Each structure stands twice: as C-alpha cells, then as structure tokens.
Amino acid sequence: MASVRICIDGCELRVNAGQTIKDAAGDHGIEIPSLCKDHRVSHSTSCFLCVVKEVESGRWLPSCAAPVEDGMKIAHDTEEVRDMRRTALELLLSEHLGDCEAPCTLACPAHAPVEEYVRAGREGNLMRSLQLVKQRVPFPLSIGRVCPRFCEKDCRRSVMDKPVAINDFKRLSADLHYEDYLEECPPLAGEKVAIKGAGPAGLGTAYFLRLEGIASDVFERMPKPGGMLRYGIPDYRLPEAVLDREIAHLDRMGGIRIHVDRALGKEVTLES
C-alpha cells in the first residue's frame, strides 16, 4: 500500500495513503479524542471534538474525516487546539438533551434527520436524501424554496468556517427526483378522515394519514389548494407551478381527494 509522510506536533510519521488523520495518528499511538468512533454513540453524531489544525494553511480539520496528505503538518496537542475542542464541547453540551442529536436536527421545526440526508447527498445518493427528508417534511419542493434555514444557523460546522448548505440538499433532492419517487403506501384500510383546509397543515395531515393506510377528503374554501403556500407567499419565492407539482404528488399516492370552493358552514357542514 502506498504511504505518505505527515508530521503531528513535530513528530514525523509514515502513514498509509487514504487514511484519515485520526486513524493514521492512532496507528502510531497518538490518541485524538472523538465521539463518532465510540460504538455507544449514534453514527450521526456531529461533535468536532477530534478537530486538529493544519499548520501551514491554518485550516481546522475534523480528523475523523479529513484524509492525510503528503507533507501535511498537523497540530494536535497544542493549547490552541485544546481551546477549539473545548469550544466544540461547550457548544455540544449547550444543546445536549440527553439524546446526542446534532444541533441542526434540534433546530429544525420538523425535526428532519438533517445529518442523515446531508450525508446521503454528499455521497451522491440524492434519492436517498429525498426519502429521508420526506419522513418529516411532506412538501420539500415548496419548503426547499421558503425554508428559513434554522438548521444552518445552528450548524456545528460554523465552529470551523461556515455552515453546511443544508437546505440546498433538501431542495436539490426534490427538484431532481420528485417524479421518480413514490412512497410505499399500504393498502387503504377502509377508514376515511375529513380534513378542513387544504393548506400545509391539512395537506400534511392527509399525507401522513395516507402513509398509515387511511384515506381522506380535504375541503378547501378557496378555488385552489395550498393555503398560505399559494396565497401568502409571492410567486417569485414559490412559483405556483412548483406548488402544483407538489400537490399533484398527493394524487399519485391515491386515497387523497381535494375538494375546492367548499367552505365549512356553507357548502359543507359537520352533519354532512
């Protein structure tokens, strides 16, 4: 196997090409702290406790992911590096709720599995990203265009440089694969629910009910479905064609019927 030379805290080492900095250091008895390599912790944990500094460029690198490069000089056990790890740990503990979830996931109002769908997208599997997004976000085409990106504000990567473009993974996965993707819906169980309003809440309810095998009739007083997505957001932010494409997906799932121009108390009553 090819090898390269690196230097960690002044100690020159010959290591295997393609290794991460952490693994290469470990092979020579240099322990770099981390959580992601601990079998007791979820693989999706984002901690940056293993951060090291590349001396010549000044870059901060997660040693568990950054590959070694020939001639690389790494600072591992300096006061500056320990301060950075201390900051990462303090940030981790500031958000810690006992479940070791990344702050991006905790910040997401939908509690989407951010780390997982970003990882899938980074690996080039944007269809898998879309599957993961739709576990919690039923309308990624629309939300991908209007999302306030709370996840990016709390992204742990900001400790080192700038946040990951999380929302772009969500939007791109939907833009590329929405027509190719169809949920595995169970057969309809014979139960049906009436839903008042075809806005995001009503349509989202219909979506998740259908995933449980329950049909629904959605009654909307306006001439088109979408609620605030259609009537409250400017077209330049969310084009109607995109929203129509999103709502058409519900029809593809089967079991969801949308009735427009049907206001509760007028065209529709609780008794009916």
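This structure is a prediction, so every number in the text was calculated from the model and none was measured.

Enquirer: Just give me the short version of the sheet that holds strand 6 (residues 192–196), but keep the residues and values in it.
Expert: Read across the open sheet, the three strands follow the order 6-7-8; overall the sheet is parallel. At either end of the open sheet lies a strand with only one pairing partner, and these are strand 6 and strand 8 (256–259). On average, each strand axis in the sheet is inclined to that of its neighbour by 15 degrees, with strand direction left out of account. Taken together, the five bridges between strand 6 and strand 7 (residues 215–219) define a ladder with parallel strand orientation. By the bridge assignment, I195 is partnered in strand 7 with V218.

Enquirer: Explain the sheet that holds strand 1 (residues 3–8) to me, and be specific about the residues and the numbers.
Expert: If you walk across this open sheet you meet the five strands as 2-1-5-3-4, and the pairing is mixed. Each edge of the open sheet is held by one strand with a lone partner, namely strand 2 (11–16) and strand 4 (60–62). Between one strand axis and the next, the sheet turns through 40 degrees on average, direction left out of account. Strand direction decides the pairing type here: strand 3 (residues 51–54) and strand 4, joined by three bridges, are antiparallel. The residue of strand 4 that forms the bridge with V51 is P62.

Enquirer: I'd love a proper account of the environment of S129, names of residues and values included.
Expert: Mapped onto the elements of the fold, S129 is located in helix 5 (residues 126–133). Overall, the relative accessible area of 0% leaves S129 in the buried class. As a C-alpha pair, S129 and R119 span 10 residues in sequence and 8.1 Å in three-dimensional space.

Enquirer: Which residues make up the pattern of salt bridges, and what values do they have?
Expert: Applying the stated criterion to the full structure yields 18 salt bridges. Between R149 and E152 there is a salt bridge; the shortest N-O distance is 3.5 Å. With relative accessibility at 30%, the residue R149 sits in the partly exposed group. E152 gets classed as buried once you look at its relative accessible area, which sits at 12%. We note a salt bridge from D217 to R257, for which the minimum N-O separation is 3.8 Å. Pair noted here: D217 is in strand 7 and R257 is in strand 8, with a separation of 40 residues, a long-range link. Classification of D217 as buried rests on a relative accessible area of 9%.

Enquirer: Help me get a handle on the side chain of H249, residues and values and all.
Expert: As for its position among the elements, H249 is in helix 11 (residues 240–253). Looking at H249, its side chain comes within polar contact range of the side chain of E183, at 2.8 Å.

Enquirer: Outline the environment of F150, listing residues and values.
Expert: Tracing the sequence through the fold places F150 in helix 7 (residues 150–153). On the basis of relative accessibility, which here comes to 39%, the residue F150 falls in the partly exposed class. Separated by 41 residues in sequence, F150 and P109 have C-alpha atoms that sit 8.0 Å apart. Each residue touching F150, except ones within four places of it in the same chain, is listed here: A107 and P109.

Enquirer: If you had to explain empty space enclosed by the protein to someone new, which residues and values would you point to?
Expert: Applying the stated criterion across every chain yields a total of two cavities of 30 Å³ or more. Taken as a whole, the second largest cavity holds about 30 Å³ of empty space. Lining of the second largest cavity is provided by F139, P200, L203, G226, L229, L243 and I247. When residues of the lining of the second largest cavity are traced back to their parent elements, those giving at least two are helix 9 (200–211) and helix 11. Its residues assigned to classes, the lining of the second largest cavity shows six nonpolar, one polar and no charged.

Enquirer: Explain the packing of aromatic side chains residue by residue, including any values.
Expert: Applying the stated criterion to the full structure yields one aromatic pair. Measuring from centroid to centroid gives 5.1 Å for Y207 and F208, while their planes differ by 80 degrees, and the two rings are edge-to-face. Given the relative accessible area of 1%, Y207 is considered buried. You can call F208 partly exposed: its relative accessible area is 33%.

Rules used in this analysis
- Residues numbered from 1 in each chain as written.
- Predicted model: local features only at pLDDT ≥ 70, side-chain atom pairs only at ≥ 80, totals over all residues.
- Heavy atoms only, no water.
- Pairing = 2+ DSSP bridges.
- Helix = DSSP H or I, 4+ residues; strand = E, 2+ residues; numbered from the N terminus.
- Axes fitted to C-alpha atoms, helices over the stretch in contact; angles between N-to-C directions.
- Buried < 20%, exposed > 50% of the residue type's maximum accessible area, 1.4 Å probe, protein only.
- Salt bridge = Lys/Arg side-chain N within 4 Å of Asp/Glu carboxyl O.
- Polar contact = N/O pair within 3.5 Å; in protein donor to acceptor, adjacent residues only side chain to side chain.
- Contact = heavy atoms within 4.5 Å.
- 1 Å grid on protein atoms, 1.4 Å probe; cavity = no way out; pocket = protein on both sides within 12 Å on 5 of 7 lines; lining within 4 Å.
- Points joined across faces, edges and corners; volume = space filled by probe spheres on them.
- Nonpolar A, V, L, I, M, F, W, Y, C, P; charged D, E, K, R; others polar.
- Phe/Tyr/Trp six-rings, centres within 6.5 Å; stacked < 30°, edge-to-face > 60°.

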